[in-house]
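Read off the chains here:
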Amino acid sequence: MTSKPEIGGALAAMCNLNEIDRGVRAEAVERFIVDAVAVSAIPEGVLLQFDRTGTNARAILDFIHAERECCPRYEYHLRSKKDTLDLKITGQGPDVQHLQTFYLALAQRPE
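Residues numbered from 1 in each chain as written. Predicted model: local features only at pLDDT ≥ 70, side-chain atom pairs only at ≥ 80, totals over all residues. Heavy atoms only, no water.

**Considering the sheet that holds strand β3 (residues 75–80)**
Paired through backbone hydrogen bonds, the strands of a sheet run either parallel or antiparallel to each other.
1) Next: Taken in spatial order, the four strands of this open sheet run β1-β2-β4-β3, and their pairing is antiparallel. The open sheet has two free edges, formed respectively by β1 (38–42) and β3, since each of these has just one partner strand. On average, each strand axis in the sheet is inclined to that of its neighbour by 20 degrees, with strand direction left out of account.
2) Next: In terms of strand pairing, β3 meets strand β4 (residues 84–90) through six bridges, oriented antiparallel. (Pairing = 2+ DSSP bridges. Helix = DSSP H or I, 4+ residues; strand = E, 2+ residues; numbered from the N terminus. Axes fitted to C-alpha atoms, helices over the stretch in contact; angles between N-to-C directions.)

Okay, here's the thing in structure tokens:
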């Protein structure tokens, strides 16, 4: 997993899993985000955009299912657009900053 201190702190605040399982889940989320064509902050959380394919649709649904188990206080909104599948993950209050810190840090790709 990307070794950025802000990721660990945000994940600990977001996730119901124990420390070991959180690390495993963070690695799975990082692998999932690699397929996103865009990851951006929105006022209520984050927006992940993927090419509109059947493979991505299944991966997103599997992702939502897993995330609802460890991060149940967030809302997951999937929208199919002409060329993209848009996954919006939203929270309230300080949870918004945790979402943005975690997902935006994971989305940064080495140059």
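Don't stop here, the text continues.
**Remarks on the packing of helix α2 (residues 19–33) against helix α4 (residues 94–107)**
1) Next: As a packed pair, α2 and α4 sit with axes 9 Å apart at the nearest point and diverge in direction by 60 degrees. Considering their axes alone, α2 and α4 lie oblique with respect to each other. α2 and α4 meet at a crossing whose hand is right-handed. Between α2 and α4, the contacting residues are A26, V29, E30 and I33 on the first element and F102, Y103, L106 and A107 on the second.
2) Next: Looking at side-chain class alone, the contact of α2 with α4 contains seven nonpolar, no polar and one charged residues. (Parallel < 35°, antiparallel > 145°, perpendicular 65-115°, else oblique. Left-handed = near helix turned anticlockwise from the far one by under 90°. Contact = heavy atoms within 4.5 Å. Nonpolar A, V, L, I, M, F, W, Y, C, P; charged D, E, K, R; others polar.)

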